[in-house]
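What follows is each chain in one-letter form.
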Protein chains: 2
Amino acid sequence: MAKAPVLTPQSDDFPRWYQDLINKAELADNGPVRGTMVVRPYGYSLWERMQSEMDDRIKRAGADNAYFPLFIPQSYLSREAEHVEGFSPELAVVTHAGGKDLEEPVVVRPTSETIINEYFSKWVQSYRDLPLLINQWANVVRWELRPRVFLRTTEFLWQEGHTAHATFEDARDYAAKIHREAYEDFMVNVLALSVVPGRKTKAERFAGAINTLTCEAMMRDGKALQMGTSHELGQNFAKAFDTQYLAKDGSREHVWQTSWGSSTRMVGGLIMGHGDDNGLRVPPRLAPIQAVVVAIKEDEGVLAEIKAIADRLSAAGVRVRVDDRTDTPFGRRAVDWELKGVPLRIELGPRDLAEGQAVVARRIPGGKSPVSFEKLTETVLAALEEDQETLLRESRERRESHTADVATVEEALEASATGWARIPWATLGVEGEKQLAAQAVTVRCL
Amino acid sequence: MAKAPVLTPQSDDFPRWYQDLINKAELADNGPVRGTMVVRPYGYSLWERMQSEMDDRIKRAGADNAYFPLFIPQSYLSREAEHVEGFSPELAVVTHAGGKDLEEPVVVRPTSETIINEYFSKWVQSYRDLPLLINQWANVVRWELRPRVFLRTTEFLWQEGHTAHATFEDARDYAAKIHREAYEDFMVNVLALSVVPGRKTKAERFAGAINTLTCEAMMRDGKALQMGTSHELGQNFAKAFDTQYLAKDGSREHVWQTSWGSSTRMVGGLIMGHGDDNGLRVPPRLAPIQAVVVAIKEDEGVLAEIKAIADRLSAAGVRVRVDDRTDTPFGRRAVDWELKGVPLRIELGPRDLAEGQAVVARRIPGGKSPVSFEKLTETVLAALEEDQETLLRESRERRESHTADVATVEEALEASATGWARIPWATLGVEGEKQLAAQAVTVRCL
Ligand SMILES: [Zn+2]
Ligand SMILES: [Zn+2]
């Protein structure tokens, strides 16, 4: 059955498919100020689920949430030399406030290492105050010249963790722990993306870090997306802000620090990692709506039964929504739920009701089949489990089949046209990295 | 047993008591930019609990969360005449970004009516799209000349709801529903503050509203604090942004709107509504930590038992924390938990352990007594219930005993020195309101 495609096909124009999906699934709009975005309710519900899962993991790793100001005195940024150099071109500056020009302009935070260190240096006195493990959920601003919704936006939402430790080893281990137990665990086990954890090269590191860990995921166009990074900051900020502690032996030492962040860019990663020509496909463990129970048409018995089905599924722990908007044609609603990537659509019409069954349509493997009311809950639970595994397996297989082991810079360039290349760093080196960079190919991870 | 007070007593200097408590309980610090604040982990955990309870109520009332940009083109603010007049003096303006001066300066949102209406006018087409019920959790900026932590800060955190309806009546009813089912219900049943719901006078209304509902709570110094407001916006913003819908009869109509907000100011209300000379007192239903189980000193058996007690309480649904920091003197830790207002402190030393009991210290009614391990969980659950009721009863009694029925403007002025005055609006009127305003007394609610 041929029908006009709802979205530009991925194979025709992947960036356009991405933008079509964001519009049609009502995930986000462009904001009025260049590079900003409006996250619409369904897009935001995906982010809320990401926040909730990440927040649990971050708290389990021992960090507490706090909130630091949006406005940072311009002078703070200058204290760490590499940091200011990295961020200067992207800053938004408030020069006028409360009806007057400000004496010292203030910067809208691009990240909070500087302002947080100012307070860490007050709060940390002795080794007893360490480790100090803080996370914040916030908006940040980095002026974007080539914005793309969710991927590169002037304002984005994120979490940023900031920690202070007594030793280099403790900081290093904590950066790795967050990377593994928060980021990698969430991305693999909830987002169903087969990420590759590793280190960034010196050229790709965070401005002010001595080491950057990254989780890179392969999108369906074969490109990599950085999904979360965890930095060892060494003592760079501690020295710039004089964050010291009194050690057990009575000496004063600078703390060792980490910072780590993940953002609304993950929504972009979800879309490009799992979406297909019919729209988004949301892994069940993430999905704000795991199953939608749809009344095919207006009918008293049908409307009562879809509510009863939803109640039973909800009692079994399924995140469920009822669709009783029978004044909108059924076909249009079905397309809309496909676009939004809800894993299961449970359809019920008067004839189904008479036969004591509903039709279960599956977004992830595709296909639909009738299921009796008695078997519905167990079928739904099993399908959600299976779909989660399917998406992760697809992601892993795509990455493996699109990663080529290469031996030369030329081969690496060729492979990067359709996927990733794996090359020994000894072969590539800093010089090879520069050659790749000249062709817009980046070394994602070591 | 006389000891030096930890805080300035309330009766000596209430504002100083407030600031002392915020410092000593480690709730917040002043930010480096005038009027901003750093919300420290314990202060933030209070806000997170408020967010969680409010978010549940807002979602139950049918609104979905979304996110709109921080930056608003300056021209948007000017479209609604009263709105721009109300907010102009408080705006922070970004004039420079991405390394250049901006062609049109952008305002850091003081509230989002304007930018949200810009999108509502795109999203709303027909009566089928109504009501449109949106909420956002965000930071906002209003430049403060007389800042006070949590109460009046240049940047604060809040939720702002924005809705569009087909009729005046539907908008009016929704503003009232949110006011009753989200704000009043939360403040009375969770915050344990006996708020008075009512309307604002024309002079005190939100800039651009046709009616403002407010929840006013009496603080322990007898003053009122506005804890949440819900506005009927009429068609003012709809006309300014041309937000229209196609009605069932085919005519085009402007929508009717509401907006409603509550903020980190509620943390200030919690402190001033329930705090005493020993610190904060947090109502159990709000408390991020309802009970702390404290090891009096280092002892293997004691450390094992406090964890076992905490596990049992946690399994019974109590939000519990273990305090095993035996390298800090017990007395200092006890004072700290009192300052933080944790309702119950369960203390265990080696002698208690031998006797199979713990000592339960109660922050809200005061006093401590031994309780056998077997009875501990049920004692804790009962105490938490009782403490919640006690705080609400105290709040109601204080408000009733400090509210005087008066007949003249002079009497109202006199009563306002120590509490509230209730006066018929027919007696007061706009002229009387002006007379009161000249003495810095405001008409809080009708
Ligand atoms: Zn100026
Ligand atoms: Zn400039």
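Here's what I pulled together on the structure shown here. Here, residues in each chain are numbered from 1, in the same order as that chain's written sequence. For naming, the first written chain is A and the first written ligand is 1, with later ones following in the order written. The predicted nature of this model means local features are confined to residues of pLDDT at least 70 and side-chain atom pairs, given and counted, to a pLDDT of 80 or more, with totals for whole chains, interfaces and linings taken over all residues. The side-chain numbers reported here are obtained from all heavy atoms of the structure, hydrogens and water having been left aside.

Considering the side chain of H231 of chain B
All names here are of chain B.
Here comes step 1: Relative to the helices and strands, H231 resides in strand β11 (residues 224-234).
Here comes step 2: Buried, partly exposed and exposed residues are distinguished by accessible area as a fraction of the type maximum, computed with a 1.4 Å probe on protein chains only: under 20%, between the cut-offs, and over 50%, respectively. Take H231: its relative accessible area is 7%, and that puts it in the buried class.
Here comes step 3: By the criterion applied in these results, polar contacts are pairs of N or O atoms within 3.5 Å in which, for protein atoms, one can donate a hydrogen and the other can accept it, and in which residues neighboring in sequence qualify only through two side-chain atoms. A distance of 2.8 Å separates polar atoms of two side chains, one belonging to H231 and the other to T212.
Here comes step 4: Once residues lying within four places of it in the same chain are set aside, the contact partners of H231 are A175, F206, A209, N211, T212, Q257, T258 and S259. Here a strand is any run of E in DSSP of at least two residues, a helix any run of H or I of at least four, and the numbering for each starts at the N terminus. Whether two residues touch is decided by their heavy atoms; if any such pair falls within 4.5 Å, the residues are in contact.

Here's the deal with the packing of aromatic side chains
Residue and element names in this part refer to chain B.
Here comes step 1: Put simply, two rings from Phe, Tyr or Trp (the six-membered ring, in Trp's case) pair if the centres are within 6.5 Å, and we call them stacked under 30 degrees between planes, edge-to-face over 60, tilted for the rest. Per the counting criterion, the structure on display carries 24 aromatic pairs over all chains.
Here comes step 2: Look at W47 and W137: their rings are 5.9 Å apart centre to centre, the planes differ by 75°, and that puts the pair in the edge-to-face class. Of this pair, W47 sits in helix α2 (residues 41-60) while W137 sits in strand β7 (residues 132-141), and the two are 90 residues apart along the sequence. Each member of the pair, W47 as well as W137, is classed as buried.
Here comes step 3: Seen in terms of ring centroids, F168 and W256 are 5.5 Å apart; in terms of plane orientation they differ by 75°. Their pairing is edge-to-face. You can see F168 sitting in helix α6 (residues 168-189) and its partner W256 sitting in strand β14 (residues 256-263), a full 88 residues away along the chain.
Here comes step 4: Looking at F168, the relative accessible area reads 29%, which means it is partly exposed.

Quick look at the coordination of the zinc ion (ligand 1)
Here comes step 1: Protein ligation of the zinc ion (ligand 1) involves H96 of chain A (ND1) and D101 of chain A (OD), the donor distances falling in the range 2.0 to 2.2 Å.
Here comes step 2: Under the relative-accessibility criterion, H96 of chain A is labelled partly exposed at 28%. In this analysis a donor is any N, O or S atom within 2.8 Å of a metal ion (3.2 Å for sodium, potassium and calcium), and since water is not included, sites may seem incomplete.

What about unusual backbone geometry?
Residue and element names in this part refer to chain A.
Here comes step 1: Following L130, the chain continues to P131 via a peptide bond in cis, the omega torsion being -5°.
Here comes step 2: Here P131 lies in the loop between α5 (113-123) and β7 (132-141).
Here comes step 3: In this structure, F150 takes a positive phi of about 70° despite not being glycine.
Here comes step 4: Tracing the backbone through its elements, the reader meets F150 in the loop between β7 and β8 (155-165).
Here comes step 5: Its identity as a non-glycine residue notwithstanding, D242 has a phi of 55°, on the positive side.

Some remarks on the sheet that holds strand β18 (residues 357-362) of chain A
All names here are of chain A.
Here comes step 1: We call two strands paired when DSSP finds no fewer than two bridges between them. Sheet architecture is open: five strands sit in the order β16-β15-β17-β18-β19, paired in mixed fashion. In this open sheet, the two edge strands, each paired with only one partner strand, are β16 (320-323) and β19 (368-372). Strand-to-strand twist across the sheet, computed as the mean angle between neighbouring axes with direction ignored, equals 25°.
Here comes step 2: When strand β15 (residues 291-295) meets strand β17 (residues 344-348), the two strands line up parallel, connected through five bridges. By the bridge assignment, A291 is partnered in β17 with L344.
Here comes step 3: To define axes, lines are fitted to C-alpha atoms, for helices over the stretch in contact only, and angles between the resulting N-to-C directions are given on a 0 to 180 degree scale. Most of the contacts of helix α10 (residues 330-340) go to β15, to which it runs at about 175°, and overall it touches β15, β16 and β17.
Here comes step 4: Here helix α12 (residues 373-401) sits on the sheet in contact with β17, β18 and β19, set at roughly 135° to β19.

Looking at the sheet that holds strand β16 (residues 320-323) of chain B
All names here are of chain B.
Here comes step 1: One open sheet accounts for five strands, arranged β16-β15-β17-β18-β19; its pairing is mixed. This sheet does not close on itself; its edge strands, each paired only once, are β16 and β19 (368-372). Neighbouring strand axes in the sheet, compared pairwise and without regard to direction, differ in orientation by 25° on average.
Here comes step 2: Examined bridge by bridge, strand β15 (residues 291-295) and β16 share four bridges and lie parallel to one another. The partner of V293 across the bridge, within β16, is V322.
Here comes step 3: Those strands touched by helix α10 (residues 330-340) are β15, β16 and β17 (344-348), and its axis lies near 175° from that of β15.
Here comes step 4: Each of β17, β18 (357-362) and β19 is contacted by helix α12 (residues 373-401), which is oriented at about 135° to β19, the strand it contacts most.

Notes on the environment of E397 of chain B
Here comes step 1: Secondary-structure assignment places E397 of chain B in helix α12.
Here comes step 2: For the pair E397 of chain B and G349 of chain B, spaced 48 residues apart in sequence, the C-alpha to C-alpha distance is 39 Å.

Remarks on the interface of chain B and chain A
Here comes step 1: Chain B puts 51 residues into the contact, and the matching count from chain A is 51 residues.
Here comes step 2: If you sort the residues of chain B by the area they bury against chain A, P32, Y67 and F71 of chain B come out on top, with a joint share of 15%.
Here comes step 3: Definition used for salt bridges: Asp or Glu carboxyl oxygen within 4 Å of a side-chain nitrogen of Lys or Arg. With its nearest N and O atoms 3.6 Å apart, the salt bridge here joins R128 of chain A to D327 of chain B.
Here comes step 4: At the junction of chain B and chain A, the tally comes to 24 residue pairs in polar contact (both at pLDDT 80 or more).
Here comes step 5: Looking at which element gives the most residues to the side of chain B that touches chain A, the answer is strand β5 (residues 92-97) of chain B, with six residues. Two parts lose some accessible area (1.4 Å probe) when they are put together, and adding that loss for both gives the buried area.

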